[in-house]
Amino acid sequence: MQTIHFTHNEAAARAVAERYVTPPLAYVHSYGCQQNVSDGEHLKGVLLDIGYGLCNSPEDADLILFNTCAVREHAEQRVFGNVGALKRLKEQKPELIIGLCGCMVQQPRILDKLRASYPFVDLAFGTNAIDQLPELLLEKWRSGGKRLLKAPVARENIVEEIPVHRESPFRGWLPIMYGCDNFCTYCIVPYVRGHERSRSPQDVLDEFRGLVASGCKEITLLGQNVNSYGKGLAEPIDFAGLLELLCAEPGDYHIRFMTSHPKDASKRLIDVIAAQPKICRHLHLPVQSGSDRILAQMNRHYTVGQYLDLIDYARQKIPGVTFSSDIIVGFPGETEEDFAATLALIQKVRYAQLFTFIYSKRSGTRAAELPDPTPRSEKTARMTRLLKAQDEIAFGIAASLVGGVYPALIEGRGRQEGTLSARLDNNFLVEFAPGTAQVGQMVQLAITGARGTMLQGRLADG
Ligand code: 5AD
Ligand code: SF4
């Protein structure tokens, strides 16, 4: 696989300077997963590099970019709703440029819809074309304002050194791989983000060092399936090896990562986490369903038994580890019995946090062809039962943390007036009276109580 290096587009920078008296403003909004948030930070970086400024509201913008998500239908509907609302802005300000990028735009049917029904959308480009945005803007200006709705580009290579504008000085997203080869039958991601491609360990390490040197306290490694990191690279390395490499870096930071596919989460990975204090004691291991029959139909390549073995092993090796998961309710053909198996599984694992989704049919995926006789009302009822069971579990885990003292990273304001909110290693949030402590700092917190899953705490001495 070839690596391309980003180059500053001088012609685009000149065009921006010539067209605008003061720097034009860009509003970039990302929907969906953390990978998309990270892509959004790169879109902003690329725009700053050619002379744009950034703004926080579409009304102030000269360029509006929606970085979209395609994983569920609801996400697509939201994007179309929000794009529709921009028509009025475009009427008031005809020189406004409106663009769509990200996963939705990788689907030809979306481009057709934009062409037919959204004449005020000027640009569309896919997830692999972030570095090409300056060229696209240039092409638009040179053509006298032509609409450029680009067909998705399949790219086998990785573009390194794309400028990035990070939202937070103390929490950094670090993509280590792109794409997914798993083809879970419900999921659109492999179709829109393409093949798995891993960044070279050296490129990951260089960016990691840069983050640590800039004072970043929490670095989250990103990938659709971080556990298959390294496949296809010239040097023999896997995800556990990458973690070891990164943890050898000196500095005051800790590491999180997502997402892990349970089929590829090895015991060696658990051993490495257990041995490395710099890696957080929290594993996001999406199980999707507690029924072996449904797991097979989802093409997940593990059974409930294998999944539970992994959880047991992690519990043994990593004291205090917490788990979170994604669950899909109402996969085509899910019976009451299958759903009951999911409820039983969550009682066994006792997740600290669940991300729950009602199955959403994605055209082009294999599950979209399956009969789906369960009425929506039944799926919603199952979801309500799942959430109720999960609340009780998570409240119980939160309560069990009361009395302990833990390190925590202060993330921002708490919900209650005058408090700050900090995240523990195990991913629980704590509200506390800050004293002189500040956002972005690591502190020791004594946990004094729990309201639901929100912990209450106070600064501990030392
Ligand atoms: N319907 C519902 N949920 C889905 N996910 C992925 N595809 C779908 C779909 N078609 C969920 C999975 C995945 C998470 C990111 O989104 O649980 O882990
Ligand atoms: Fe989708 Fe499965 Fe790949 Fe996750 S592992 S992105 S659920 S296909």
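Residues numbered from 1 in each chain as written. Chains lettered and ligands numbered in written order. Predicted model: local features only at pLDDT ≥ 70, side-chain atom pairs only at ≥ 80, totals over all residues. Heavy atoms only, no water.

### Some words on the nonpolar core
- Residues Ile176, Leu221 and Phe239 are the most contacted members of the largest nonpolar core, which totals 86 residues.
- A domain-level breakdown of this core finds at least three residues from each of domain 2 (163-400) and domain 3 (405-459).
- In this structure Phe239 touches Ile176, Leu221, Val226, Asn227, Tyr229, Phe257 and Leu269, once residues within four positions along its chain are discounted.
- Residues Ile64, Val105, Ala124 and Ile188 belong to the second largest nonpolar core, which totals 30 residues. (Core = buried A, V, L, I, M, F, W, Y, C linked by side-chain atoms within 4.5 Å. Buried < 20%, exposed > 50% of the residue type's maximum accessible area, 1.4 Å probe, protein only. Domains from an automatic or database assignment. Contact = heavy atoms within 4.5 Å.)

### Observations regarding the site of ligand 1
- Taken together, the neighbourhood of ligand 1 is formed by Val71, Arg72, Tyr186, Gln288, Asp326, Ile328, Phe357, Ile358, Tyr359, Ser360 and Arg362.
- Between ligand 1 and Tyr186, the relevant distance is 3.0 Å, taken from a nitrogen atom to a main-chain nitrogen or oxygen of the residue.
- In the model, a nitrogen atom of ligand 1 is placed 2.7 Å from a nitrogen or oxygen of the Ser360 main chain.
- Alone, ligand 1 offers 400 Å² of accessible surface; in the complex the protein occludes 86% of this.
- Of all the secondary structure elements, the ones that give two or more residues to the shell around ligand 1 are β15 (322-329) and β16 (353-358).
- For the shell around ligand 1, a count of residues per class yields six nonpolar, two polar and three charged. (Near = heavy atom within 4 Å. Polar contact = N/O pair within 3.5 Å; in protein donor to acceptor, adjacent residues only side chain to side chain. Areas by Shrake-Rupley, 256 points an atom, 1.4 Å probe, with all protein chains shown as cover. Helix = DSSP H or I, 4+ residues; strand = E, 2+ residues; numbered from the N terminus. Nonpolar A, V, L, I, M, F, W, Y, C, P; charged D, E, K, R; others polar.)

### A word on the pattern of salt bridges
- Taken as a whole and judged by the stated rule, the model has 25 salt bridges.
- Glu411 is the partner of Arg171 in a salt bridge, and the nearest nitrogen-oxygen pair spans 3.2 Å. One end of the pair, Arg171, is in strand β9 (residues 171-175); the other, Glu411, is in strand β17 (residues 405-413), with 240 residues separating them in the sequence.
- Where Glu378 meets Arg382, a salt bridge forms, and the shortest distance between an N and an O atom there is 3.0 Å. Placement of both Glu378 and Arg382 in helix α14 (residues 376-401) is noted, with a separation of four residues, approximately one turn of the helix.
- The partly exposed category is assigned to Glu378, whose relative accessible area is 27%.
- Each of the salt bridges in this network shares a partner with another, and the network as a whole consists of Arg171, Glu218, Arg256, Glu411 and Arg423. (Salt bridge = Lys/Arg side-chain N within 4 Å of Asp/Glu carboxyl O.)

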